[in-house]
Amino acid sequence: MNKKFPEGFLWGGATSAYQIEGAWLEDGKGPSIWDVFCMIPGKVINHDNGNTACDHYHRLEEDLDLIKKTGIRAYRFSISWPRILPAGREAVNPKGLEFYNRLIDGLIQRDIVPWATLYHWDLPVALEMEYDGWLDARTGEAFVEYAAVCFSHFGDRVKNWITINEPWVVAILGYGLGVFAPGKKSNTLPYLAGHQLILAHAKTVEVYRKQFQPVQQGQIGITNNCDWREPLTDSPEDRAAAQRALEFFLGWFSDPIYKGDYPEVMKQRLGPRLPVFSPEEQALIRGSSDFFGLNHYTTMYASDASGKKEAVSVYGNGGLSEDQDVHLSIGRDWKLTTMQWAIVPWGFRNLLVWIAERYENPPVYITENGCAFDDQLAQGLVHDPERIEFFKGYIRALAEALDSGVDVRGYFIWSLMDNFEWASGYSKKFGIIYVDQALNRIPKTSAEWYRRIIETNEIGS
Ligand code: GAL
């Protein structure tokens, strides 16, 4: 394995608006579906919410300095749609623009490359109420309108855009299992929501390419998430089950973009529950990403569950497994993070190779990878050796994928700082920076470790 990374390899860190900003109803911001979802008893651990979160909105200057100190070269943040367009469309909130202008300028002054995500799940409530959110094409139209506002105000300085973060999570957790906003439970709605998300992405990219890219010269893409699925045994049935699980997970959103349509196996199994793209839509979607954004966290074994309905259960990370006939499990000796996600670096390498083979080796950016542990503050310090071990394993796996010819261009750790972890509230800590009760920021030992990786551009032993 070559320990050195290619010159110019981009080392970054990531966050999202709802998870860190707070100031949920300040300076003209409208409510998002996450603001409201958190109010429903039982949805979020400890009834936590993002009203204050890390108070990043008020501590911007301090956080910019902190970001600089970590040594990261690129910072991935998300823009809060209801902060820019409080009612989802039309009226623009000047204070919202001002906040992101300060953030972007602050990054550039510090020589950090901004990577902006347009949608990281905080849909304006107005659109949920008016159109039923992502079930209606009008939400997609509003998204294009909002995106154009962002391109025209920030695109002179932001050259890296991500349209939508993890449409799979929006569809499955938001519209299938009902554990994320807007909390719907169904085995049909995820496929409808997914369809609208893909179309909204493609239309946004079309607008960017036609109206902004020629002058602004940036790149635009989508970020999908996928775990690795390893066949439990060598049997043809289990191998087919693992392949099927990957196509239902990543293929669902990446096949339309790289091949123009949903995977055949999804069409066969879902029948009329899977919407159909018209030829014009296919042409619009195909090729609508300048890079392959990937968020990756864990691996599971997959085995065939055809005809064994009792063995199939619904896993948060497995999608609607009854549609796939896949049984998921983990290795007995696999170590777990506090999310109960197994630490399996080789799964990361296998997934990267699978992507390169299936999609003709596109340029890949790892837009998230990381882990939660129960970090504790002791004598003013936070030691997190497990996180360092995790990153070592995953960054080595990345280096191996590079050696096999996979075209990975950058890697963003999730996350810069401990934050609001959706339905888990503040009970799960993903950051390389610890945030205490009083919201003080204390870099963990992993932050120092990561800084050295960035400086040397290599992964030592
Ligand atoms: C991703 C998500 C992030 C973060 C992370 C850890 O799915 O994009 O916002 O929460 O998972 O669970």
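Heads up: the structure comes first, above all this text.
This write-up is about the structure you can find in this document.

The rules behind the values
Residues numbered from 1 in each chain as written. Predicted model: local features only at pLDDT ≥ 70, side-chain atom pairs only at ≥ 80, totals over all residues. Heavy atoms only, no water. Axes fitted to C-alpha atoms, helices over the stretch in contact; angles between N-to-C directions. Helix = DSSP H or I, 4+ residues; strand = E, 2+ residues; numbered from the N terminus. Parallel < 35°, antiparallel > 145°, perpendicular 65-115°, else oblique. Contact = heavy atoms within 4.5 Å. Nonpolar A, V, L, I, M, F, W, Y, C, P; charged D, E, K, R; others polar. Near = heavy atom within 4 Å. Polar contact = N/O pair within 3.5 Å; in protein donor to acceptor, adjacent residues only side chain to side chain. Areas by Shrake-Rupley, 256 points an atom, 1.4 Å probe, with all protein chains shown as cover. Left-handed = near helix turned anticlockwise from the far one by under 90°. Pairing = 2+ DSSP bridges.

## What about the packing of helix 14 (residues 385–403) against helix 15 (residues 445–456)?
Packing of helix 14 against helix 15 leaves a shortest axis separation of 9 Å and a crossing angle of 30°. Classified by the interaxial angle, the pair formed by helix 14 and helix 15 is roughly parallel. Together, R387, I388, F391, K392 and I395 of helix 14 and T445, S446, W449 and Y450 of helix 15 make up the contact between the two elements. Of the residues in the contact of helix 14 with helix 15, the class split is five nonpolar, two polar and two charged.

## Let's talk about the site of the ligand
Near the ligand you find 13 residues, and of these Q19, H120, E166, E368 and E421 are the closest. Between the ligand and E368 there is a distance of 2.9 Å, counted from an oxygen atom to a side-chain nitrogen or oxygen. Here E421 contributes a side-chain N or O atom positioned 2.6 Å from an oxygen atom of the ligand. Protein contacts shield 94% of the accessible area of the ligand, which totals 310 Å² for the unbound molecule. A breakdown of the residues in the shell around the ligand according to their chemical character gives six nonpolar, four polar and three charged.

## Quick word on the environment of R358
Mapped onto the elements, R358 comes out in helix 13 (residues 345–358). In sequence terms R358 and Y258 are 100 residues apart; their C-alpha atoms lie 9.0 Å from each other. Look past the residues within four positions of R358 in its chain and what remains in contact with it is Q243, E247, D255, K259 and P263. In terms of polar contacts, R358 uses its side chain to reach the side chain of E247, at 3.5 Å.

## As for the packing of helix 9 (residues 189–216) against helix 10 (residues 236–259)
Helix 10 packs onto helix 9 with a crossing angle of 35° between their chain directions and a minimal axis gap of 10 Å. In this structure, helix 9 crosses over helix 10, and the sense of that crossing is right-handed. For the pair helix 9 and helix 10, the contacting residues are P190, Y191, G194, I198 and H201 in the first and F248, W252, F253, P256 and I257 in the second. Residue composition of the contact of helix 9 with helix 10, by class: eight nonpolar, two polar and no charged.

## What about the sheet that holds strand 6 (residues 228–231)?
On the basis of which strands lie adjacent, the open sheet formed by three strands has the order 6-8-9 and mixed pairing. For this open sheet the edge positions go to strand 6 and strand 9 (326–329), each flanked by a neighbour on one side alone. Neighbour-to-neighbour, the strand axes of the sheet open up by a mean angle of 40°, direction not taken into account. By the bridge criterion, four bridges tie strand 8 (residues 299–304) to strand 9 in an arrangement that is antiparallel. Its bridge partner being in strand 9, S303 is matched across the sheet by H327. Contacts from helix 13 reach strand 6 and strand 8 within the one sheet, and its direction differs from that of strand 6 by about 100°.

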